[in-house]
Amino acid sequence: MRIPKTIQTATFHALPPAPRHAITTHLPTWECMIQLSKLEPEFLANFVDMYPRILLHKDIKQLIRTLLEYAQADAQFCLPFPSLEGANDCRTFITAAKRSDGLESLATDEVSIRVFEVGVRIYCIFFPAAKTPLVMPFWCNAGVGISSRLAEEAIAKHAATVHIRELALNDTPSENTFADPLGSQLALRVQIAHLMERAPLDPHRPSRLAPGDVYIYQTGMAAIYFVHNILTRWSQRKSKTVMFGFPFHQTTHIFEYWGHGFEFFPLGTEFDALEKLLEVEPVLAVWTEFPSNPLLVSSDLTRLRHLADRYRFALVVDDTVGSFCNIDVLGVADIVVSSLTKSFSGYADVMGGSVVLCPSSQLFAELKVLFEGSYHNNLYPADAEVLLRNSADYLSRSKVLNENAALLAEYLQSLVSDKDSSVSQVYYPTVSPTKANYDAYKRPPTPEYQPGYGCLFSVEFDSLEATIAFYDNLHVHNGPHLGAHLTLALPYTRLIYPKELEKVEAYGLRQTQIRISVGLEEPQGLLETFKYAIHKANMAKRGTSIQTVMFCGNIRSTTGQRTFLVV
């Protein structure tokens, strides 16, 4: 069997073309992922590029060094935010008498907010440098820090003799809503509204989505964080939030750390249990991913809608994995959240998130008042410009992503019934028991675009040995992120839940699963690449010796202080 061309990208570096604001990294071999899951500082120090919510971007680190030097803040560190709200939220979280994440609290006199202008206003949380690991969870989970492009511009202006100026906090406007001189933010909202109304399931629905009903944020997690916080102010009752289905793991942290309580239905099919809960206590909102990450379960949205109407809670649908070019959930959800970072952008060089208030929702008027009274535009204009530019070919890219993912899923599914194959299960909407739920909200085809099932799937093997052999011989890029222009493989469960493998196995997540985000590569070449890796996995199943790389770029790591990871 022909050996596929190996990936030339250096370990710890971004996917090509590796632009300045890349949000990916390449971590070849299973051993690399084992090392990453330990979160040891010595290992993390090797990264040149990484998702900016996981590790600070180099431009943000440079800006922090500049601000610390200006502030003469010895033995201090700081995290910069584009808004006072974000900085205040961070301070409240890390100084709480009993932190909801279980970590040690900082004393209130250890933490301060300082405001600087370097061509743009920045709100910084200062704290002892030694306690940085206790502060980073807020940065990672909430996603409301500054963007790397904002940091780049501030550094450039400082280098061009624009002096840093510190402002008195009491004299500072309460928020820092970015201006939109080139109209890119408005154009982005128009673009999202247009795409979400393109080829609707019900062309006669009376209410149409307007650009003013689209709210944009600096990251997808910021969109989730702010929606959740706004909803906690919607009702006077202190009600729980429900997560229906096993989601991207960071989402559950938002509900666990903030709000009035959290109920989790991880399978996304536990309707009887959900109804029992609703009968005895009010619920603020039910959130669901459509489909879920990484098991691609599509919950029954119609049934959730009936429950929402009956028990009067907000139904929030995260359509990131399905992607709104393929699915139309405007008619069933009250709120739709999307990570624009993923396939909408598609080139792994910018972050962003969107929130849409569904105009046909019975809650629309109430929610609109809340959002208009709370929303501040913290998406940096330069990021909006890149999102707008990248999304110009969103439909044509998504066509290729859909087709490539479907091709690979079909091939892998054909191996499940083969007793000599190491493949035991494939997770993709086309082969899922919940396919009918997905199809119920799949957009109708048009001459312009044939909707599909998205770029993400997972494949499960019958042994850990076969899983490792497949992963180490799959010649694609390896690392976090999805929806990029190049294929990415990730041992999601093993990386994210190394100490909870038995717990999450009860929800269907196993360390023998590999998550695949399919890219834009030539389909037959991609298929041959997967066939080669399957060949190696089957050799491992038969007990044939396979030469594999045992260490990640000869990088070893030692025990260190706790760090925090998101994917």
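The coordinates are above.
This structure is a prediction, so every number in the text was calculated from the model and none was measured. (Residues numbered from 1 in each chain as written. Predicted model: local features only at pLDDT ≥ 70, side-chain atom pairs only at ≥ 80, totals over all residues. Heavy atoms only, no water.)

Asks: Could you give an account of the pattern of salt bridges, with specific residues and numbers?
Replies: Scanning the entire structure with this criterion turns up 34 salt bridges. Among the salt bridges present, the one from Arg 114 reaches Glu 166, with a minimum N-O distance of 2.8 Å. Highlighted residues: Arg 114 in strand E2 (residues 112–117) and Glu 166 in strand E4 (residues 165–167), separated in sequence by 52 residues. For the salt bridge of Glu 403 with Lys 399, the shortest nitrogen-to-oxygen distance reads 2.9 Å. Residue Glu 403 and its partner Lys 399 are located together in helix H14 (residues 394–415), separated by four residues, close to a single helical turn. Salt bridges sharing partners connect three or more residues here, namely Glu 197, Arg 205, Arg 208, Asp 328 and Arg 443. (Salt bridge = Lys/Arg side-chain N within 4 Å of Asp/Glu carboxyl O. Helix = DSSP H or I, 4+ residues; strand = E, 2+ residues; numbered from the N terminus.)

Asks: Describe the sheet that holds E2, listing the residues and the values that go with them.
Replies: One open sheet accounts for four strands, arranged E1-E3-E2-E4; its pairing is antiparallel. In this open sheet, the two strands that pair with only one neighbour each are strand E1 (76–81) and E4. Adjacent strand axes in the sheet meet at a mean angle of 35° when their direction is disregarded. Across three bridges, E2 lies against E4 in antiparallel orientation. Bridging across to E4, Phe 116 finds its partner in Glu 166. Across the sheet, helix H4 (residues 84–94) is in contact with E1, E2 and strand E3 (121–128); its angle to E3 comes to roughly 15°. In the packing of helix H5 (residues 132–142) onto the sheet, contacts are made with E1 and E3, and the angle to E1 comes to roughly 5°. (Pairing = 2+ DSSP bridges. Axes fitted to C-alpha atoms, helices over the stretch in contact; angles between N-to-C directions. Contact = heavy atoms within 4.5 Å.)

Asks: Run through the pairing of strand E5 (residues 214–217), naming residues and quoting values.
Replies: Every second residue of E5 is oriented toward a common face, with Val 214 and Ile 216 on one face and Tyr 215 and Tyr 217 on the other, all of them buried. Alignment of E5 against strand E11 (residues 353–357), held across four bridges, turns out to be antiparallel. Along E11, the bridge assignment pairs Ile 216 with Ser 354. (Buried < 20%, exposed > 50% of the residue type's maximum accessible area, 1.4 Å probe, protein only.)

Asks: Break down unusual backbone geometry for me, citing the residues and quoting the values.
Replies: Pro 17 follows Pro 16 through a cis peptide bond whose omega is 5°. Within the secondary structure, Pro 17 sits in the segment before helix H1 (30–38). Here the bond from Phe 290 into Pro 291 is cis, since omega is -10°, no more than 30 degrees from zero. Look at Phe 12: it is not a glycine, yet its phi comes out positive at around 75°. For Phe 12, the position within the fold is in the segment before H1. Not every positive phi belongs to a glycine, and Ala 18 is a case in point at roughly 50°. Note on placement: Ala 18 falls in the segment before H1.

Asks: Can you explain the sheet that holds strand E6 (residues 240–244)? Please cite residues and give values.
Replies: Strand order across the open sheet formed by seven strands is E5-E11-E10-E9-E8-E6-E7, with mixed pairing between neighbours. Two strands in the sheet have a free side with no partner beyond their single neighbour: E5 and strand E7 (262–265). Here the strands of the sheet are splayed against their neighbours by 20° on average, with no regard to which way each runs. As judged from the five bridges shared by strand E8 (residues 283–289) and strand E9 (residues 314–318), these two strands associate in the parallel manner. From the neighbouring strand, Trp 287 faces E9, where its bridge partner is Val 316. Relative to E8, helix H8 (residues 220–232) is tilted by about 160°, and along the sheet it contacts E5, E6, E8, E9, strand E10 (335–339) and E11. In the packing of helix H12 (residues 364–374) onto the sheet, the strands contacted are E5, E10 and E11, and the crossing angle to E11 comes to about 140°.

Asks: Describe the packing of aromatic side chains, and please don't skip the residues or the numbers.
Replies: Applying the stated criterion across every chain yields a total of 41 aromatic pairs. Measuring from ring centre to ring centre gives 6.0 Å for Trp 30 and Tyr 471, while their planes differ by 80°; the resulting arrangement is edge-to-face. Taken as a pair, Trp 30 in helix H1 and Tyr 471 in helix H16 (residues 464–472) lie far apart in primary sequence, 441 residues in all. Judged on exposure class, the residue Trp 30 and its partner Tyr 471 are both buried. (Phe/Tyr/Trp six-rings, centres within 6.5 Å; stacked < 30°, edge-to-face > 60°.)

Asks: Provide a residue-level description of the side chain of His 21, including the pertinent values.
Replies: Mapped onto the elements of the fold, His 21 is located in the segment before H1. Of the polar contacts made by the side chain of His 21, one reaches the side chain of Glu 152; its length is 2.7 Å. What His 21 contacts, discounting residues up to four positions off in sequence, is His 57, Asp 59, Ser 148, Arg 149, Glu 152, Ala 348, Asp 349 and Val 350. (Polar contact = N/O pair within 3.5 Å; in protein donor to acceptor, adjacent residues only side chain to side chain.)

Asks: Now, about the side chain of His 477: what can you tell me, with residues and values included?
Replies: One can find His 477 in strand E14 (residues 477–478). Assessed through its relative accessible area of 5%, His 477 is described here as buried. At 2.7 Å, the side chain of His 477 and the side chain of Thr 9 are in polar contact. When neighbours within four sequence positions are excluded, His 477 is seen to be in contact with Ile 7, Thr 9, Leu 15, Pro 16, His 26, Leu 486, Thr 487, Leu 488 and Ala 489.

Asks: Help me get a handle on the packing of H14 against helix H19 (residues 523–541), residues and values and all.
Replies: Each pair of packed helices gets described by two things: the angle between the helix axes and the distance between those axes. Axis separation between H14 and H19 bottoms out at 10 Å; the angle between their running directions is 30°. By the angle between their axes, H14 is roughly parallel relative to H19. Relative to H19, H14 is oriented so that their crossing is right-handed. The segment H14 lies against H19, with Asn 404, Leu 407, Leu 408, Tyr 411, Leu 412 and Leu 415 engaging Pro 523, Gln 524, Leu 526, Leu 527, Phe 530, Lys 531 and Ile 534. (Parallel < 35°, antiparallel > 145°, perpendicular 65-115°, else oblique. Left-handed = near helix turned anticlockwise from the far one by under 90°.)

Asks: Quick rundown of empty space enclosed by the protein? Include the residues and the values.
Replies: Any empty space left between the atoms is revealed when a probe the size of a water molecule rolls over them. On inspection of all chains with the given rule, the structure shows eight cavities of 30 Å³ or more. Approximately 310 Å³ is the volume found for the largest cavity. Phe 248, Asp 318, Thr 320, Ser 339 and Lys 342 are the residues nearest the centre of the largest cavity, which is lined by 29 residues in total. Only H8 and E10 provide two or more residues apiece to the lining of the largest cavity. Among the residues forming the lining of the largest cavity, the class breakdown is 14 nonpolar, ten polar and five charged. Estimates place the volume of the second largest cavity at around 170 Å³. Lining the second largest cavity are 19 residues, with Pro 52, Ile 146, Ser 147, Ser 148 and Met 351 positioned closest to its centre. (1 Å grid on protein atoms, 1.4 Å probe; cavity = no way out; pocket = protein on both sides within 12 Å on 5 of 7 lines; lining within 4 Å. Points joined across faces, edges and corners; volume = space filled by probe spheres on them. Nonpolar A, V, L, I, M, F, W, Y, C, P; charged D, E, K, R; others polar.)

Asks: Break down the environment of Ile 125 for me, with residues and values.
Replies: Mapped onto the elements of the fold, Ile 125 is located in strand E3. Between the alpha carbons of Ile 125 and Ile 113 there is a distance of 4.7 Å; along the sequence they are twelve residues apart. The residues touching Ile 125, leaving out its near neighbours within four places in the chain, are Phe 77, Cys 78, Leu 79, Phe 81, Ala 87, Cys 90, Arg 91, Ile 94, Val 111, Ser 112 and Ile 113.

So, to be careful, I would describe these as geometric facts and stop short of saying anything about function.
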